[in-house]
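Overview (structure and organization)
Read off the chains here:
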Amino acid sequence: MLSVPGLWRLREQRYRLIGSKCETCGNIYLPKRAICPKCRRKGKIVEFRDFSGYGKVETWTVVHSAPEGFVDQAPYVLAIVRLREGPKILAQIVDVKPEEIQQGMEVYKVVRRIQEDSPEGIISYGFKFTKV
Ligand SMILES: [Zn+2]
């Protein structure tokens, strides 16, 4: 079981991008890493929250048969977004028709409803991306 502070942290991560930065080489990681793979023991890792929220679509897929809780949203687009700060994340693209998605399309982070009904009743909102 997660402790209450653990749950809150989990929730915060649904709304915000929280990664880590290596102050030695300047690389930014998402999700967080405890060790910089480039600098290893010389790396100094700090928490990084200053993501601009902007990125570009690298690749994407259109999901037609959605899992339970997402059925009302199908078809929807899942994309690999390369953030301006460097890391890539997998996220849903909203308010754009699947046929309008293009490689390199600029997107930014928005907070949206994730599920119709969250079975845990805890997390039903989180971040997604939309066209700039
Ligand atoms: Zn480093």
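The preceding data block contains the structure.
Quick caveat, the model's predicted, so the values are computed rather than measured. Each chain has its residues counted from 1, running along the sequence as written. It should be noted that, the model being predicted, local features are given only for residues of pLDDT at least 70 and side-chain atom pairs only at 80 or more, the latter also being counted only at that level, while totals for whole chains, interfaces and linings use all residues. The basis for every side-chain value is the complete set of non-hydrogen atoms in the structure, without hydrogens or water.

1. Considering the overall build of the chain
Quick note on the threshold: Numbering of helices and strands runs from the N terminus, with a helix taken as a DSSP run of H or I at least four residues long and a strand as a DSSP run of E at least two residues long. Residue exposure (1.4 Å probe, protein chains only): buried if accessible area is under 20% of the type maximum, exposed if over 50%, otherwise partly exposed. Working rule for contacts: check all heavy atoms of both residues, and any pair within 4.5 Å makes them a contact. Accessible areas in this description were obtained via Shrake-Rupley with a 1.4 Å probe; residue shielding takes into account the shown protein chains only.
When its secondary structure is counted, the chain shows one helix and eight strands. Written out in order from the N terminus, the α and β elements of the chain read α-β-β-β-β-β-β-β-β. Residues counted as buried form 35% of the 132 residues belonging to the chain. Taking all contacts inside the chain whose residues are at least 6 apart in sequence as the whole, residues at least 24 apart take part in 50%. As presented, the chain carries roughly 8600 Å² of accessible surface, and 51% of it is formed by carbon and sulfur atoms.

2. Brief notes about a nonpolar patch on the surface
Stated precisely, the cut-off is as follows: A patch is a set of surface residues, each over 30% in relative accessible area and not in a salt bridge, joined within 9 Å for like charges and within 5 Å for the nonpolar side chains Val, Leu, Ile, Met, Phe, Trp and Tyr. Whenever Lys or Arg places a side-chain nitrogen within 4 Å of a carboxyl oxygen from Asp or Glu, that contact is recorded as a salt bridge.
Nonpolar side chains collect at one region of the surface, where Tyr15, Val111 and Tyr125 lie side by side and expose about 260 Å² of accessible area between them. Mapped onto the fold, Val111 is located in strand β7 (residues 106–113).

3. Quick word on the coordination of the zinc ion
The following threshold applies: Only nitrogen, oxygen and sulfur atoms qualify as donors, and only when within 2.8 Å of the metal (3.2 Å in the case of Na, K and Ca); with water excluded, sites may look incomplete. Just to be clear on the cut-offs, tetrahedral is four donors with all angles between 85 and 135 degrees, square planar is four donors and octahedral six with opposite donors over 155 degrees apart and all others between 65 and 115, and anything else goes down as irregular.
Here the zinc ion is held by Cys22 (SG), Cys25 (SG), Cys36 (SG) and Cys39 (SG), and the distances to it run 2.2 to 2.3 Å. One can describe the donor arrangement at the zinc ion as tetrahedral, given that its four donor atoms subtend angles of 107 to 113 degrees at the metal. All donors of the zinc ion come from a single chain, and their spacing in sequence reads C-x2-C-x10-C-x2-C.

4. With respect to the environment of Arg14
Its location among the elements puts Arg14 in helix α1 (residues 4–15). When the C-alpha atoms of Arg14 and Lys128 are compared, they prove to be 9.5 Å apart, with 114 residues separating the residues in sequence.

5. Considering the nonpolar core
In summary, soluble globular proteins display a tendency toward joint burial of nonpolar side chains. Test applied: Residues enter a nonpolar core if they are buried and are Ala, Val, Leu, Ile, Met, Phe, Trp, Tyr or Cys, with the set joined through side-chain atoms within 4.5 Å.
Counting 19 residues, the largest nonpolar core has Leu83, Ile89, Ile93 and Phe129 as its most contacted members. For this core, the element with the highest residue contribution is strand β5 (residues 76–83), accounting for four residues. Each residue touching Leu83, except ones within four places of it in the same chain, is listed here: Leu17, Leu30, Phe51, Tyr54, Gly55, Ile89 and Phe129. Ranked by size, the runner-up nonpolar core spans five residues in total, among them Val63, Ala66, Phe70 and Tyr76.

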